[in-house]
Amino acid sequence: MDVRVAHCLLLWAVHFFPAAPRVAPRVLSKESKTGNLQDGCINLIPCEVSGAICIQPCSPSFHGEMSFVCKDRKWQMFIDACANLDVQSLFQRISEHEPLPSSGGHVSVAGGHLPFVGGGKPVHGKPGDEAKHFGADDHGNSNCQADFSCIIPDILSSPAIPGNIADIVELLKNISLMLSENVNRGKMQSYSRIANHILNSSIISSWAFVRDRNASSTLLDSVNLFAGKLLLRNGSESIQEHFISTKGYSIYKNTSGKSFDFSMELNKTSNISGRVAIPEEELLKLPRTSKAISIAFPTLGAIIETSRLDPVFVNGMVLSVSLPEELQHILLTFEKVNKLENVKAQCVGWHSAERRWDSKACKMKSDNISSVVCMCKHHRRTFKSFSILMSPTMLRNMVLDYVTCVGLGLSIFSLVLCLTIETVVWHHVTKTEITYMRHFCLVNIATSLLIADILFIVAAIVHNTALNYRLCVAATFFLHFFYLALFFWMFTLGLLILYGLLLVFFKITRSVFIATAFSIGYGCPLLISILTVAITEPKNGYLRSGACWLNWYETKALLAFVVPALGIIVVNLAVVVVVVVKMGRPSIGDGCKSQDLSNMIRISKNVALLTPLLGLTWGFGLAIIIDSHSLAFHVTFALLNAFQGFFILLFGTLLDRKTREALKKNCLSSKRKCSLAKVNFFFTP
């Protein structure tokens, strides 16, 4: 059983609280049973003083230390410098100079000393291994200085933990500074493979615990420096890894323009693209044949976010360029990671000296739902890397989310209450054919909207947690189906109004009505939904990016909802007009005032139900499609749409006189039965 000593030092973080006194160091020893590196601080030292720091060494197989900060009475890791890479010996293998002893953490290179973050470890191995330190690979070939390939296995086999990430960044930095002469294809491939190891999308979160918060910026500058010296074979070069891609072209004065196109893996489920274009008018400034180098990083933006204390949200890949001094302006096209329609973009350049994104480097040329075109100013010392940020004036805000959540909760509660009331009073309010048909439509309207509201919540959960693409497709299909069913049942209700007013002497049986109503209410939505997914899904155009709902900008799949919905609104508005005309010119004699009054009340109820549900609510929905940037339209539509269930309860149930009377009779009947039961209880012998 291994025994290790956890040297834990509790002290005030001077860089967080400069005036705070130091806490006396404490040394504890503990037999490690689980091998958990956090046992020393988390399980042995009480976290009592907010801001206190606990430092403990790593396990025996690693060098370095880990630091924890006391926050909310819990130890939280904020630096993990544990590493198992010997970067000094790795650099010695690819260096042309015989190394000095590794004590002190410095290596002699070209008359200077090379600093490394790790203390270094002596190299032990079989006889003959010493040759590797002078440029020989495993086969005895002295090609390590030519392409750096001999250090690749050690790096790729090491875990991409924060301490190793920091050491690899330092290694790449020193390679760029000291070994960047004659950068051929082999060197660039090896350099890219090393960088790719720490740019993997699966280890982005590890960058949050790297000691140097500027490590991602150092990596970016190092790659730009090294790739900028790439030698081109036959006028072009292309080196592709999963998370870093380098391309180079020879450029001439009399060409029509040059572009670099990238399409790379963002994560296991999606890709992202970008484009760098040099305008023709810029190429006219070239005095001689030159070269242009471009590097694409699909994950570096997220890594920079993780490393910074004031994170901004990078919404595309990071594109770097290395151009002659004469060329200053370039056009960059970025595909958005988040393609929600209310997410606007901001073009930025990375300020190398100040290590921050600067909006002054670029101007927006165009911005749509899926991509952004930026005109950026290239400067060899200041601005060589560019990307897009999410605009700080994003439309989604707490007000809109609050209105949606509260409205959906009220809508679901109202619909459940509506269906409960309909169940209680069903036999009292469905004695005639017209009333039966009306309440039959109302129950299906409420049921469709209730299921649609529940599916809306499910779709939001699926989107936020990225559970499954197929689950998102299924949620969108059924959401589309039940929202359409809501409209088609309202259409059926509108036809019922016409039937009750115009076809007085034409009677249909309940079975015929139910068959017809189900064909319209559910058959038509099912057909439209199936055709929509069958046509657009094979082209990956069924879903909109960033949400479980129908696509609009690529395939216009949303038209399969908008067109039927607006068509039904127009038809039902025409029904309302017919009702008003019929009311103004009654076919019954003028003496039948009581019948006219009864018709007016019934028509008023139907108009009150149709108008807010169809005309007003989805009118604002159309306004959002026309002007998606209006916060007022979004809030109004969210408010009306979310409260549709309450409108159905109010206008369809509570304001209906016969429903209220039936509910009252049912309550009185229940009380009477209760009273009789009590009497029988007392007088029964």
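Criteria and cut-off values
Residues numbered from 1 in each chain as written. Predicted model: local features only at pLDDT ≥ 70, side-chain atom pairs only at ≥ 80, totals over all residues. Heavy atoms only, no water. Helix = DSSP H or I, 4+ residues; strand = E, 2+ residues; numbered from the N terminus. Buried < 20%, exposed > 50% of the residue type's maximum accessible area, 1.4 Å probe, protein only. Polar contact = N/O pair within 3.5 Å; in protein donor to acceptor, adjacent residues only side chain to side chain. Contact = heavy atoms within 4.5 Å. Core = buried A, V, L, I, M, F, W, Y, C linked by side-chain atoms within 4.5 Å. Pairing = 2+ DSSP bridges. Axes fitted to C-alpha atoms, helices over the stretch in contact; angles between N-to-C directions. Nonpolar A, V, L, I, M, F, W, Y, C, P; charged D, E, K, R; others polar. Salt bridge = Lys/Arg side-chain N within 4 Å of Asp/Glu carboxyl O.

Located in the positive-phi region is Phe-148, a residue other than glycine, with phi close to 60°. Position of Phe-148 relative to the elements: it lies in the loop between helix H3 (144-147) and helix H4 (152-156). Residue classification places Phe-148 among the buried residues on the basis of a relative accessible area of 1%. With a phi angle near 55°, Asn-182 is a residue other than glycine that sits in the positive phi range. Among the structural elements, Asn-182 can be located in the loop between helix H5 (162-178) and helix H6 (185-199).

With that settled, the discussion passes to the side chain of Asn-224. By the element assignment, Asn-224 lies in helix H7 (residues 215-227). Judged by relative accessible area, which is 5%, Asn-224 ranks as buried. At 3.0 Å, the side chain of Asn-224 and the side chain of Ser-385 are in polar contact. Non-local contacts of Asn-224, meaning those with residues more than four positions away in its chain, are made with Ile-295, Phe-297, Ser-320, Lys-384 and Ser-385.

With that settled, the discussion passes to the nonpolar core. The biggest cluster of nonpolar side chains holds 56 residues, and the ones touching the most others in it are Tyr-483, Trp-489, Phe-561 and Ile-648. For this core, the elements supplying multiple residues, two or more each, are helix H10 (398-429), helix H11 (433-465), helix H12 (469-502), helix H13 (510-536), helix H14 (559-584) and helix H17 (644-654). With 19 residues, the top contributor of residues to this core is H12. Counting 53 residues, the second largest nonpolar core, distinct from the first, contains Val-87, Cys-150, Ile-155 and Leu-230.

Take the pairing of strand E18 (residues 371-377) next. Relative to E18, strand E14 (residues 329-335) runs antiparallel, the two sharing seven bridges. Each bridged residue has a counterpart across the sheet, and for His-329 the counterpart in E18 is Lys-377. Bridge analysis of strand E17 (residues 362-367) against E18 gives five bridges, and the strand direction is antiparallel. Its bridge partner lying in E18, Cys-362 is registered against Cys-376. If you look at the hairpin formed by E17 and E18, you'll find three residues sitting between the two strands.

The next subject is the packing of H7 against helix H9 (residues 300-307). Put simply, H7 and H9 touch, their axes get as near as 8 Å, and they point 145° apart. Touching Ser-216, Leu-219 and Leu-220 of H7 are Leu-300, Ile-303, Ile-304 and Ser-307, all from H9. For the contact of H7 with H9, the residue count by class is five nonpolar, two polar and no charged.

Turning to the pattern of salt bridges, a few remarks are in order. One pass over the full model with this rule turns up 11 salt bridges. Of the charged contacts, one joins Glu-354 and Arg-356 as a salt bridge, the two residues approaching to 2.5 Å between their closest N and O atoms. Using a relative accessible area of 43% as the deciding quantity, one classes Glu-354 as partly exposed. The partner of Glu-661 in a salt bridge is Arg-657, with the nearest N and O atoms 3.2 Å apart. Taken together, the residues Glu-661 and Arg-657, both in helix H18 (residues 657-683) and four residues apart, mark about one turn of the helix.

Attention now goes to the sheet that holds E17. The five strands lie next to each other as E10-E11-E14-E18-E17, forming an open sheet whose pairing is antiparallel. With one partner strand each, in any of the chains shown, strand E10 (258-265) and E17 form the two edges of the open sheet. Averaged over all pairs of adjacent strands, the angle between strand axes in this sheet comes to 20°, irrespective of strand direction.

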